[in-house]
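The chain contents come next:
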Amino acid sequence: MNPPSAAAPIVLVGDRFDHFIAAGLGVSTSGFAEAVGGGAYDDLPEPVQVHLGQGLDEAAVADAAEAVERRGLSDRLLLDPRDLPTPVEARAVHKRDARNVLLADFEYCGPAAFEASLRLHNDNELLQDHQAAPHLQGMVLIEAARQMFLAVCELAYLRPWPDRKFSFLLTQVDTRFERLAFPLPLRMRLTAHRADTEDVNRMWFDTKTCFTQCGREAATTTVAALVQPQERTALTERRGAETAIAALEKARPLAGR
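Residues numbered from 1 in each chain as written. Predicted model: local features only at pLDDT ≥ 70, side-chain atom pairs only at ≥ 80, totals over all residues. Heavy atoms only, no water.

Student: In this structure, what is going on with the packing of aromatic side chains? I would like to understand it.
Tutor: Two numbers describe a pair of aromatic rings. These are the distance of the centres and the angle of the planes. Counted according to the given criterion, the structure contains 9 aromatic pairs. On the numbers, 5.7 Å between centres and 80 degrees between planes, the contact of F106 with Y108 is edge-to-face. By the ring-pair criterion, three or more aromatic residues cluster together here, those being F106, Y108, F114, F149, Y157, F168 and F205. (Phe/Tyr/Trp six-rings, centres within 6.5 Å; stacked < 30°, edge-to-face > 60°.)

In C-alpha coordinates, the structure reads:
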(Lines give C-alpha, C1' and ligand atoms only; values in the text may rest on other atoms or scores of the structure.)
Protein backbone atom coordinates (compact mmCIF):
# COMPACT_ATOMS: atom_id res chain seq x y z
CA MET A 1 0.00 0.00 0.00
CA ASN A 2 1.29 3.44 -0.90
CA PRO A 3 0.36 5.98 1.83
CA PRO A 4 -0.74 9.48 0.79
CA SER A 5 1.93 12.11 0.32
CA ALA A 6 3.39 13.47 3.55
CA ALA A 7 2.47 16.97 2.41
CA ALA A 8 -1.23 16.09 2.06
CA PRO A 9 -3.77 15.38 4.78
CA ILE A 10 -4.61 11.73 5.32
CA VAL A 11 -8.25 10.65 5.00
CA LEU A 12 -9.37 7.39 6.62
CA VAL A 13 -12.44 5.71 5.10
CA GLY A 14 -14.17 2.36 5.30
CA ASP A 15 -13.31 -0.56 3.03
CA ARG A 16 -16.56 -0.05 1.10
CA PHE A 17 -15.04 3.02 -0.51
CA ASP A 18 -12.53 0.98 -2.47
CA HIS A 19 -12.75 3.27 -5.52
CA PHE A 20 -11.84 6.25 -3.34
CA ILE A 21 -8.95 4.27 -1.87
CA ALA A 22 -7.77 2.91 -5.24
CA ALA A 23 -7.64 6.46 -6.61
CA GLY A 24 -5.16 7.37 -3.89
CA LEU A 25 -7.62 9.75 -2.25
CA GLY A 26 -7.93 7.94 1.04
CA VAL A 27 -6.79 4.90 2.99
CA SER A 28 -8.60 2.23 4.96
CA THR A 29 -8.02 2.04 8.70
CA SER A 30 -6.47 -1.42 8.35
CA GLY A 31 -4.21 -0.25 5.55
CA PHE A 32 -3.24 2.82 7.56
CA ALA A 33 -2.41 0.78 10.66
CA GLU A 34 -0.33 -1.59 8.57
CA ALA A 35 1.57 1.30 6.95
CA VAL A 36 2.18 2.94 10.32
CA GLY A 37 3.46 -0.32 11.80
CA GLY A 38 5.73 -0.80 8.81
CA GLY A 39 7.39 2.57 9.27
CA ALA A 40 5.86 4.30 6.24
CA TYR A 41 5.33 7.49 8.24
CA ASP A 42 8.44 7.45 10.41
CA ASP A 43 10.20 10.19 8.44
CA LEU A 44 7.42 12.78 8.30
CA PRO A 45 9.11 16.20 8.35
CA GLU A 46 6.13 17.86 10.03
CA PRO A 47 2.78 16.92 11.62
CA VAL A 48 0.05 15.68 9.31
CA GLN A 49 -3.67 15.79 10.10
CA VAL A 50 -5.50 12.48 9.87
CA HIS A 51 -9.15 13.13 8.93
CA LEU A 52 -11.95 10.70 9.69
CA GLY A 53 -14.09 10.15 6.60
CA GLN A 54 -17.10 7.90 6.07
CA GLY A 55 -17.46 4.17 6.70
CA LEU A 56 -15.72 4.18 10.08
CA ASP A 57 -16.71 3.01 13.54
CA GLU A 58 -15.23 3.38 17.01
CA ALA A 59 -13.32 0.09 16.90
CA ALA A 60 -11.66 0.80 13.55
CA VAL A 61 -10.62 4.31 14.58
CA ALA A 62 -9.34 3.03 17.94
CA ASP A 63 -7.16 0.46 16.16
CA ALA A 64 -5.70 3.17 13.91
CA ALA A 65 -5.01 5.45 16.88
CA GLU A 66 -3.40 2.60 18.80
CA ALA A 67 -1.07 1.88 15.88
CA VAL A 68 0.01 5.53 15.84
CA GLU A 69 0.62 5.59 19.58
CA ARG A 70 2.47 2.28 19.55
CA ARG A 71 4.81 3.62 16.86
CA GLY A 72 5.42 6.78 18.85
CA LEU A 73 4.02 9.05 16.16
CA SER A 74 1.27 10.83 18.07
CA ASP A 75 3.04 14.15 17.56
CA ARG A 76 3.36 13.55 13.80
CA LEU A 77 0.11 11.77 12.86
CA LEU A 78 -2.62 13.91 14.40
CA LEU A 79 -5.49 11.45 14.88
CA ASP A 80 -8.17 12.08 17.50
CA PRO A 81 -10.87 9.36 17.84
CA ARG A 82 -13.15 12.01 19.38
CA ASP A 83 -13.51 13.54 15.90
CA LEU A 84 -15.79 10.63 14.95
CA PRO A 85 -19.37 11.96 15.07
CA THR A 86 -21.77 10.42 17.60
CA PRO A 87 -24.84 8.89 15.91
CA VAL A 88 -28.37 9.60 17.09
CA GLU A 89 -30.42 6.78 18.55
CA ALA A 90 -31.82 4.47 15.91
CA ARG A 91 -35.39 5.08 17.08
CA ALA A 92 -35.09 8.78 16.23
CA VAL A 93 -34.77 7.94 12.52
CA HIS A 94 -37.08 4.89 12.60
CA LYS A 95 -34.33 2.29 12.22
CA ARG A 96 -33.83 -0.99 14.04
CA ASP A 97 -30.24 -1.56 12.93
CA ALA A 98 -27.84 1.13 14.19
CA ARG A 99 -25.63 0.56 11.13
CA ASN A 100 -28.33 2.17 9.00
CA VAL A 101 -28.44 5.42 10.98
CA LEU A 102 -27.02 8.29 8.90
CA LEU A 103 -27.28 11.16 11.40
CA ALA A 104 -24.80 12.15 14.08
CA ASP A 105 -24.08 15.12 16.34
CA PHE A 106 -27.67 16.37 16.05
CA GLU A 107 -28.17 19.87 17.45
CA TYR A 108 -30.66 22.73 17.64
CA CYS A 109 -29.56 25.94 15.90
CA GLY A 110 -32.62 28.14 16.35
CA PRO A 111 -36.43 28.06 16.53
CA ALA A 112 -36.74 26.30 13.16
CA ALA A 113 -33.17 25.25 12.32
CA PHE A 114 -31.32 22.02 13.10
CA GLU A 115 -27.94 20.60 12.13
CA ALA A 116 -26.31 17.18 12.03
CA SER A 117 -23.33 15.41 10.54
CA LEU A 118 -23.50 12.57 8.07
CA ARG A 119 -22.08 9.35 9.48
CA LEU A 120 -22.02 6.34 7.17
CA HIS A 121 -21.31 2.98 8.74
CA ASN A 122 -19.20 0.68 6.57
CA ASP A 123 -22.06 -1.86 6.53
CA ASN A 124 -24.89 0.60 5.91
CA GLU A 125 -27.65 -0.92 3.79
CA LEU A 126 -27.10 1.63 1.00
CA LEU A 127 -23.44 0.64 0.56
CA GLN A 128 -23.72 -3.13 0.39
CA ASP A 129 -24.68 -3.65 -3.24
CA HIS A 130 -23.43 -0.68 -5.28
CA GLN A 131 -20.45 1.62 -4.94
CA ALA A 132 -19.07 2.18 -8.43
CA ALA A 133 -17.17 5.45 -8.05
CA PRO A 134 -15.22 7.52 -5.50
CA HIS A 135 -18.20 9.81 -4.78
CA LEU A 136 -21.20 9.09 -2.57
CA GLN A 137 -24.34 7.81 -4.21
CA GLY A 138 -27.09 10.39 -4.49
CA MET A 139 -29.45 8.00 -2.72
CA VAL A 140 -27.32 8.32 0.43
CA LEU A 141 -28.03 12.04 0.62
CA ILE A 142 -31.72 11.57 -0.14
CA GLU A 143 -32.05 9.04 2.67
CA ALA A 144 -30.03 11.28 4.98
CA ALA A 145 -32.47 14.13 4.30
CA ARG A 146 -35.40 11.82 5.06
CA GLN A 147 -33.77 10.76 8.33
CA MET A 148 -33.02 14.38 9.16
CA PHE A 149 -36.71 15.21 8.82
CA LEU A 150 -37.70 12.26 11.01
CA ALA A 151 -35.16 13.18 13.68
CA VAL A 152 -36.35 16.79 13.77
CA CYS A 153 -39.91 15.61 14.27
CA GLU A 154 -39.08 12.99 16.89
CA LEU A 155 -36.55 15.03 18.86
CA ALA A 156 -38.24 18.42 18.63
CA TYR A 157 -41.77 18.87 17.32
CA LEU A 158 -43.37 15.69 18.70
CA ARG A 159 -41.89 15.90 22.19
CA PRO A 160 -45.17 17.20 23.73
CA TRP A 161 -46.72 13.76 23.01
CA PRO A 162 -44.12 11.22 24.23
CA ASP A 163 -46.67 8.41 24.67
CA ARG A 164 -48.27 8.65 21.23
CA LYS A 165 -47.18 6.95 18.02
CA PHE A 166 -47.30 8.84 14.74
CA SER A 167 -47.25 8.06 11.05
CA PHE A 168 -45.19 10.08 8.61
CA LEU A 169 -46.64 10.40 5.12
CA LEU A 170 -44.26 12.06 2.68
CA THR A 171 -46.01 14.19 0.08
CA GLN A 172 -42.90 15.53 -1.63
CA VAL A 173 -39.18 14.74 -1.75
CA ASP A 174 -37.15 16.80 -4.18
CA THR A 175 -33.34 16.86 -4.36
CA ARG A 176 -31.08 19.17 -6.32
CA PHE A 177 -27.43 18.16 -6.62
CA GLU A 178 -24.94 20.99 -6.99
CA ARG A 179 -21.72 18.97 -7.01
CA LEU A 180 -20.38 15.54 -6.14
CA ALA A 181 -20.07 14.63 -2.49
CA PHE A 182 -17.28 12.34 -1.32
CA PRO A 183 -16.78 10.08 1.72
CA LEU A 184 -15.46 13.02 3.72
CA PRO A 185 -17.04 14.85 6.67
CA LEU A 186 -20.36 16.35 5.58
CA ARG A 187 -22.74 18.63 7.44
CA MET A 188 -26.48 19.08 6.92
CA ARG A 189 -28.78 21.88 8.06
CA LEU A 190 -32.56 21.55 8.07
CA THR A 191 -34.81 24.61 8.09
CA ALA A 192 -38.50 24.08 8.81
CA HIS A 193 -40.33 26.59 6.64
CA ARG A 194 -43.63 25.15 7.85
CA ALA A 195 -44.29 23.27 11.06
CA ASP A 196 -48.04 23.34 11.59
CA THR A 197 -48.54 21.36 14.83
CA GLU A 198 -51.65 23.03 16.27
CA ASP A 199 -53.88 20.09 15.32
CA VAL A 200 -52.24 16.90 16.56
CA ASN A 201 -54.44 14.88 14.20
CA ARG A 202 -53.05 16.59 11.07
CA MET A 203 -49.63 18.21 11.29
CA TRP A 204 -48.02 19.60 8.15
CA PHE A 205 -44.33 20.15 7.51
CA ASP A 206 -42.31 21.76 4.74
CA THR A 207 -38.55 21.50 5.25
CA LYS A 208 -35.34 22.17 3.38
CA THR A 209 -32.07 20.38 4.12
CA CYS A 210 -28.80 21.76 2.77
CA PHE A 211 -25.73 19.52 2.55
CA THR A 212 -22.36 21.23 2.91
CA GLN A 213 -18.97 19.64 2.42
CA CYS A 214 -15.64 21.44 2.78
CA GLY A 215 -17.46 24.78 2.93
CA ARG A 216 -19.40 24.27 -0.31
CA GLU A 217 -23.03 23.33 -0.86
CA ALA A 218 -23.30 19.86 -2.36
CA ALA A 219 -27.07 19.29 -2.47
CA THR A 220 -30.43 20.52 -1.24
CA THR A 221 -33.47 18.38 -0.44
CA THR A 222 -36.98 19.61 0.26
CA VAL A 223 -39.32 17.35 2.17
CA ALA A 224 -43.03 17.92 2.68
CA ALA A 225 -45.07 15.59 4.84
CA LEU A 226 -48.25 14.97 6.79
CA VAL A 227 -47.77 13.64 10.32
CA GLN A 228 -50.73 12.22 12.19
CA PRO A 229 -51.53 9.65 14.91
CA GLN A 230 -50.84 6.12 13.82
CA GLU A 231 -54.39 4.95 14.46
CA ARG A 232 -55.79 7.45 11.96
CA THR A 233 -53.31 6.39 9.29
CA ALA A 234 -53.95 2.70 9.87
CA LEU A 235 -57.66 3.07 9.06
CA THR A 236 -57.03 5.23 5.99
CA GLU A 237 -54.32 2.89 4.77
CA ARG A 238 -56.47 -0.21 5.12
CA ARG A 239 -59.31 1.39 3.18
CA GLY A 240 -56.89 2.49 0.48
CA ALA A 241 -55.41 -1.00 0.23
CA GLU A 242 -58.87 -2.57 -0.03
CA THR A 243 -59.79 -0.13 -2.80
CA ALA A 244 -56.56 -0.94 -4.65
CA ILE A 245 -57.17 -4.69 -4.38
CA ALA A 246 -60.71 -4.29 -5.71
CA ALA A 247 -59.42 -2.22 -8.62
CA LEU A 248 -56.72 -4.81 -9.29
CA GLU A 249 -59.32 -7.54 -9.57
CA LYS A 250 -61.44 -5.51 -11.99
CA ALA A 251 -58.41 -4.78 -14.15
CA ARG A 252 -57.32 -8.45 -14.35
CA PRO A 253 -57.95 -9.96 -17.81
CA LEU A 254 -60.46 -12.82 -17.74
CA ALA A 255 -59.07 -16.31 -18.44
CA GLY A 256 -59.43 -17.36 -22.07
CA ARG A 257 -59.59 -13.86 -23.52
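Past the structure itself, the notes keep going.
Student: Got a minute to help me understand the pairing of strand β5 (residues 103-110) in this structure?
Tutor: Within a regular strand, side chains alternate between the sheet's two faces. In terms of strand pairing, β5 meets strand β6 (residues 113-118) through 5 bridges, oriented antiparallel. Paired with Y108 across the strands is F114, a residue of β6. Taking the residues between adjacent antiparallel strands as the criterion, β5 and β6 are bridged by 2 residues. (Pairing = 2+ DSSP bridges. Helix = DSSP H or I, 4+ residues; strand = E, 2+ residues; numbered from the N terminus.)

Student: How should I be thinking about the environment of R232 in this particular structure?
Tutor: With respect to the helices, strands and loops of the structure, R232 is situated in helix α5 (residues 230-251). Placed 66 residues apart in sequence, R232 and F166 show a C-alpha to C-alpha distance of 9.0 Å. Among residues more than four places away in sequence, those in contact with R232 are N201 and R202. (Contact = heavy atoms within 4.5 Å.)

Student: Honestly, the sheet that holds strand β8 (residues 187-196) in this entry has me stumped. Any pointers?
Tutor: Strand pairing in a sheet relies on backbone hydrogen bonds. The paired strands run either parallel or antiparallel. In space, the 6 strands of this open sheet follow the order β5-β6-β8-β9-β10-β7, with antiparallel pairing throughout. Whereas interior strands pair on both sides, the edge strands pair on one side only; in this sheet they are β5 and β7 (166-177). Taken pair by pair, the neighbouring strands of this sheet meet at an average axis angle of 20 degrees, ignoring direction. Lying over the sheet, α5 contacts β7 and β10 (216-229), oriented at roughly 85 degrees with respect to β10. (Axes fitted to C-alpha atoms, helices over the stretch in contact; angles between N-to-C directions.)

Student: I tried to follow the pairing of strand β9 (residues 203-213) on my own but got confused; where do I start?
Tutor: Here β9 shows a buried face lined by M203, F205, T207, T209, F211 and Q213 and an unburied face lined by W204, D206, K208, C210 and T212. Sheet topology places β8 next to β9; 9 bridges connect them, and they run antiparallel. Along β9, the bridge assignment pairs A195 with F205. Between β8 and the antiparallel strand that follows it, β9, lie 6 residues. (Buried < 20%, exposed > 50% of the residue type's maximum accessible area, 1.4 Å probe, protein only.)

Student: Would you take a moment to explain the pattern of salt bridges for this structure?
Tutor: When charged atoms on two side chains of opposite charge get close, those side chains can pair. If you walk through the whole model with that rule in mind, you get 19 salt bridges. One salt bridge connects D42 with R71, and the closest N-O pair in it is separated by 2.7 Å. Separated by 29 residues along the polypeptide, D42 in the loop between α2 (29-37) and β3 (48-52) and R71 in helix α3 (residues 58-71) bring together distant segments of the chain. The exposure class of D42 is partly exposed, given its relative accessible area of 34%. Residues D97 and R99 are paired through a salt bridge, measuring 2.7 Å at the closest nitrogen-oxygen approach. Exposure remark for D97: the relative accessible area of 27% places this residue in the partly exposed category. Relative accessible area serves as the criterion here: at 37%, R99 is assigned to the partly exposed category. (Salt bridge = Lys/Arg side-chain N within 4 Å of Asp/Glu carboxyl O.)

Purely geometric numbers; function is a separate question.
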